[in-house]
Amino acid sequence: MLTESQIKKDLSAGKFSQLYLIFGEEKMLVKILSEQVIKKLGGGELSEFNYHTFDMDADIYDINVAVNMISFLSDKNIVLVKDLNIDKLKAADFKALMQVVENIPEGTHLIFSMPTLELSSKSAGAQSKKLIAFIDKHGSCAELTKRSQMQTERTVISWAKAGGCTIRGEVADYLIRCVGNDLNILNNELKKLCAYADGREITVEMIDELCPKTAEAKIYDLFDYVIAGNADKSMVTLHTLFLSRIDPVYICTVIAAAYVDAYRLRAGTQSGLKAAETAKEFSMRKPEWALNKLIRQTRNVTTIALSRSIDEITETSQKLITTSVNAHIAVEKLICKLCVISQDKSDE
């Protein structure tokens, strides 16, 4: 399996495959890389005589006809097939498709691109796996997975620069936390922010004002209020989550993760470890600024209070899963208890 950079390197060197398969969970990258392949193959001169496109409803016979066409006004015949669900093809159609890819005539380049279809090498069915294996051996096959937090942050910073603005690393991380790490969504939100900033630096305040937050980000807002002992804002935020139909069990899960991270950081600090060292020890996938923020947030909360909070969350989570309690009322009671516990200094 080739990486995105390997395919780009081959394209820049004029090294073209007759078969391409580009798929994976990062749909924006799939779309962009597919377009780059077509642009390089076409040399800027695409026409109905040498460029043929098919969608998910394509007939294998029509694809075969296009693949075997003699190109006019160009030395390349380019065929793009988008979002063809290989595993839903009838056995006879899949057999016919494999005959097409196994007998590509000279001068033809066949590209399978999955810009919206969900396909991964792990979840692929038998037919998809066979096609992936063949193209991986005889052509160029790339699975584009989610980028790491650092890679995504760098992408956001570069997009901001291209939009005539600047954004600091910690603010880029905050944007990712708020809207998620899907590049399509991030790109759309950053365009909005760049238009608003109009050449200025993008700030956290701008993100809060303009960008809708994911459910997880809203729950972290709830955690911020709870850990500060602000019961009023905690209740308002919790009811907003309920109105958005966020599962109470999911709310408990995210809150629990925040408390566990806080407890681990406290234990690491008491052992003389830095935040980054503690994160590495416990495989915590958070940027350093987020870890330091969590340490600051919980500075006035005692270690025993953190431990008691985790016990309360665990007890409520178990009730939600194993009994028929009213989930909304149970989580409301939990949040009230957590607010009280966060301000309890009796064990100091």
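Since this is a predicted model, take the numbers as computed values, not measurements.

J.: Talk me through the overall build of the chain; I want residue IDs and the actual numbers.
T.: Counting its secondary structure elements, the chain contains 16 helices and 5 strands. A compact globule built from 348 residues would reach a C-alpha radius of gyration of about 20 Å, whereas the chain, at 26 Å, exceeds it by more than 25%. Expressed as lengths along the three principal axes of its C-alpha atoms, the size of the chain is roughly 85 × 50 × 40 Å. Expressed as a percentage of the 348 residues in the chain, the buried residues total 43%. Roughly 18,500 Å² of accessible area belongs to the chain as shown, and the carbon and sulfur atoms make up 52% of that amount. A gap of 3 Å separates the mean positions of the 43 positive and 46 negative side-chain charges of the chain.

J.: If you had to explain the sheet that holds strand β4 (residues 108–113) to someone new, which residues and values would you point to?
T.: Sheets are built from strands paired through backbone hydrogen bonds, the pairs being either parallel or antiparallel. Spatial ordering of the open sheet is given by β2-β3-β4-β1-β5, a layout of 5 strands whose pairing is parallel. Lying at the two open borders of the sheet, with one neighbouring strand each, are β2 (51–54) and β5 (140–143). The sheet shows a mean angle of 10 degrees between the axes of neighbouring strands, taken without regard to direction. In this structure, strand β1 (residues 19–23) lies alongside β5, joined through 4 bridges in parallel fashion. By the bridge assignment, I22 is partnered in β5 with A142. In the packing of helix α2 (residues 27–42) onto the sheet, contacts are made with β1, β2, β3 (77–82), β4 and β5, and the angle to β1 comes to roughly 160 degrees. Packed on one face of the sheet, helix α3 (residues 60–67) meets β2, β3 and β4 and runs near 160 degrees to β3.

J.: Mind laying out the nonpolar core, listing which residues take part and the relevant values?
T.: The tendency in soluble globular proteins is for nonpolar side chains to be buried side by side. Counting residues in each nonpolar core, the largest one holds 37 residues, and the members touching the most others are L175, I202 and I207. Of all the elements in the fold, those that place two or more residues in this core are α1 (4–12), β1, α2, β3, α6 (149–162), α7 (169–179), α8 (183–197) and α9 (204–210). Discounting residues that sit within four places of it in the chain, I202 has contacts with A160, C165, T166, I167, V171, L190, L193, C194, A197 and I207. Core analysis: the next-biggest nonpolar cluster, separate from the first, contains 36 residues, V226, L291, L294 and I335 among them.

J.: Run through a nonpolar patch on the surface, naming residues and quoting values.
T.: A grouping of Y61, V65 and M69 is seen on the molecular surface, where their side chains present a nonpolar patch of about 300 Å² in accessible area. Residue M69 is classed as partly exposed on the basis of its relative accessible area, which comes to 38%.

Rules of the game
- Residues numbered from 1 in each chain as written.
- Predicted model: local features only at pLDDT ≥ 70, side-chain atom pairs only at ≥ 80, totals over all residues.
- Heavy atoms only, no water.
- Helix = DSSP H or I, 4+ residues; strand = E, 2+ residues; numbered from the N terminus.
- Rg over C-alpha atoms; globule rule 2.2 N^0.38 Å.
- Buried < 20%, exposed > 50% of the residue type's maximum accessible area, 1.4 Å probe, protein only.
- Areas by Shrake-Rupley, 256 points an atom, 1.4 Å probe, with all protein chains shown as cover.
- Lys, Arg positive; Asp, Glu negative; His and termini not counted.
- Charge placed at Lys NZ, Arg CZ, Asp CG, Glu CD.
- Pairing = 2+ DSSP bridges.
- Axes fitted to C-alpha atoms, helices over the stretch in contact; angles between N-to-C directions.
- Contact = heavy atoms within 4.5 Å.
- Core = buried A, V, L, I, M, F, W, Y, C linked by side-chain atoms within 4.5 Å.
- Patch = residues over 30% accessible without salt bridge, like charges linked within 9 Å, V, L, I, M, F, W, Y side chains within 5 Å.
- Salt bridge = Lys/Arg side-chain N within 4 Å of Asp/Glu carboxyl O.

In short, the description is geometric, and any link to function would need to be established separately.
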